[in-house]
Amino acid sequence: MSSATLVNGVPFAIGPSDYLTLGAIALVSYYLVPFLHFRIKQWWCLRDLPGPGDEADWLLGNEYQMLESEIGDITGRWFSKYGSAIKLKSSLGYAPILRVADAAAINHIFTKAPYNFVKPELVRQLSLMFTSRNGILLKEGNEHKARRKLLNPSFGPEVVKDLAPVIFENVEVLKDQWNASLGEKEEAILNMHHWMIRLTLDIICQAVFGYNPQATAGKSTRITDAVDAESQKNKMAYLLINAFTRVVPWLLRLPIPAIRELTRLRVALQEEAHSILEETRRKMESGEFEAASKGGKDFMSQLLKLDNTLSNDDIVDEVALAVFAGHETSAGALALAFNRLAQNPEVQDRLRSELQAHGRPPTYEDVATATTLPYLDVFVKETLRLETPFAMNHRMAAKDEVIPLSKPVKGRSGKMITHIKVPKGQEIDIDNETANKINGVWEDADVFRPERWLDGQKNNAIQGWSGLQTFSSGVRVCLGQRFALHEVKIVVSHLVLNYSFHPRDADIKLHRVEMPTLSTLVVGEEAKGTQLPLLVKRLRA
């Protein structure tokens, strides 16, 4: 029965259907009005910014073009055409994306106002899926400052020095495996992606939580099986996950088998880390820990010694994140470092000559300084300049902001744009790959030439490591940067002293893609998944 009241003496009744209608109107107004306000404000702020919107795929926007092309190729062309800040069409007609490679914009986002730019929902959902649920990656503001302060000592110089034997020991295991593969011919086609993935997995797991999955030796475990499954990642599936997660963030929480498969590595790592953590806590409480291992040298043990207030889940989240961040990234950089040597034999010869003249395999102290083995140092710098493990960082404006540009961009109206107003909620992609190859800073920026660093070239505009965005910059600079640099130097130097590297075929073509870290496919062999085959020959003394 409807209720009735008198309005100006006229009976006025409201029935159940009216309540539903009013509720629907209120619900739509609650969500739709703010959304429309944001979209109008966003359109107004970015209305004059140029970009390749007319080239976009009707469904998957400019993101489809970026995934289909070589990393940095098409975005490099767009930045050359339009300037160092552009507007892109996102997948499924979602809000346009601001993409920047400008030094002033990067410094503002990462250094001057870092907590005004947070991780967008896409990154948060992918982190929950692939890495951790409560790690530092998802912390913002004061929470991030506190967690960063807590974690920093666990990646300090002395800790990295103590962990260096882990790298040396695993390189020796790799050499044994390679020598068995080379056989009497003393040469073979080796998939560098496969071997570097396994090597860096063993190194990072031991360094982070004292567990050796023995992936390099060929042991099959839940963790190694999950890593092997990762190598079969499909780039279109990755694009679709990105696209749909932006529109419907809860998609990744559904019990879809294909999505659950992508969580295998995180789940395996967390379960193994939980087991080791509980045992370590038990030993600490009983005193066995200090007596047996002098307190432990891995990241997890260091964290336990520094702070016992973190819950087991918090520590395991940081462990899983550290393994993910330091595993595929280092593997991709190493595989492509050996490819650079294969493609540039004169660089390989000069590097080997320096290492041989040194008189012994490099020690930790040798690689810890740039002066002992200067060509090794500049080779690694040049490799990481051009082979950026994370080609892009995602951010979202947490409040209305104004982003400055070091180089004005010519707007669609013809007016020069010196700064960009962005509304709260605007997604921003920071193009690390292009930022590392700006021709105004680097001469012949696209050319692989380690000697440029010996000539004194450096990008002083960007405030990251060596003037690069390779490890990000500011308050979110990579925690494991120091360890990663030593790892790359040790692996490269010890393998170059024992093997030479050559292209598998004269006409082989690699396709570098970001899924989500730097990976390589062989053109025409995409069905085989990520791979980087090289002809490897054993050297004789």
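Thresholds applied
- Residues numbered from 1 in each chain as written.
- Predicted model: local features only at pLDDT ≥ 70, side-chain atom pairs only at ≥ 80, totals over all residues.
- Heavy atoms only, no water.
- Phe/Tyr/Trp six-rings, centres within 6.5 Å; stacked < 30°, edge-to-face > 60°.
- Helix = DSSP H or I, 4+ residues; strand = E, 2+ residues; numbered from the N terminus.
- Buried < 20%, exposed > 50% of the residue type's maximum accessible area, 1.4 Å probe, protein only.
- Lys NZ or Arg CZ within 6 Å of the ring centre and 35° of its normal.
- Core = buried A, V, L, I, M, F, W, Y, C linked by side-chain atoms within 4.5 Å.
- Contact = heavy atoms within 4.5 Å.
- Axes fitted to C-alpha atoms, helices over the stretch in contact; angles between N-to-C directions.
- Left-handed = near helix turned anticlockwise from the far one by under 90°.
- Nonpolar A, V, L, I, M, F, W, Y, C, P; charged D, E, K, R; others polar.
- 1 Å grid on protein atoms, 1.4 Å probe; cavity = no way out; pocket = protein on both sides within 12 Å on 5 of 7 lines; lining within 4 Å.
- Points joined across faces, edges and corners; volume = space filled by probe spheres on them.

1. Side note on the packing of aromatic side chains
Inference 1: Summed over the entire model, instances satisfying the criterion amount to nine aromatic pairs.
Inference 2: Relative to Tyr499, the ring of Trp178 lies with its centre 5.2 Å away and its plane at 75 degrees, an arrangement referred to as edge-to-face. Here Tyr499 lies in strand S11 (residues 499-503) and Trp178 lies in helix H7 (residues 157-182), a separation of 321 residues in the sequence. Take Trp178 and Tyr499: they sit in the same class, and that class is buried.
Inference 3: Centroid distance Phe209 to Tyr211: 5.8 Å. Interplanar angle 25 degrees. Geometry classified as stacked.
Inference 4: Classification of Tyr211 by relative accessible area gives buried; the value is 15%.
Inference 5: Positioned above the aromatic ring of Trp44, the side-chain terminus of Arg47 is 3.6 Å from the ring centre.

2. What to know about the nonpolar core
Inference 1: Counting residues in hydrophobic clusters, the biggest one holds 100 residues, and the most contacted among them are Trp178, Met192, Met196, Phe209, Phe338 and Phe501.
Inference 2: Sorting elements by how many residues they give to this core places helix H15 (residues 312-343) first, with 15 residues.
Inference 3: The residues contacting Phe209, other than those within four sequence positions of it, are Leu269, Glu272, Ala273, Ile276, Asp298, Met300, Val319 and Val323.
Inference 4: Phe110, Ala113, Ile420 and Ala435 belong to the second largest nonpolar core, which has 23 residues in total.

3. Focus on the packing of helix H8 (residues 192-209) against H15
When two helices pack together, their arrangement is given by the angle between the helix axes and the distance between those axes.
Inference 1: Orientation of H8 relative to H15, taken along the N-to-C sense of each, is 145 degrees, at an axis distance of 8 Å. The handedness of the crossing between H8 and H15 comes out as right-handed. Side by side, H8 and H15 meet where Met192, His193, Met196, Ile197, Thr200, Leu201, Ile204, Cys205, Val208 and Phe209 of the first sit next to Val319, Ala322, Val323, Gly326, His327, Glu328, Ser330, Ala331, Leu334, Ala335 and Phe338 of the second.
Inference 2: Its residues assigned to classes, the contact of H8 with H15 shows 15 nonpolar, five polar and one charged.

4. Points about the layout of surface pockets
Inference 1: Here the largest pocket defines a volume of roughly 620 Å³.
Inference 2: When residues of the lining of the largest pocket are traced back to their parent elements, those giving at least two are helix H1 (16-46), helix H5 (121-130), helix H10 (235-247) and strand S7 (392-397).
Inference 3: Here the lining of the largest pocket takes eight residues from H1, the largest share from any one element.
Inference 4: When its residues are assigned to classes, the lining of the largest pocket shows 16 nonpolar, five polar and five charged.

Structural measurements only, silent on function.
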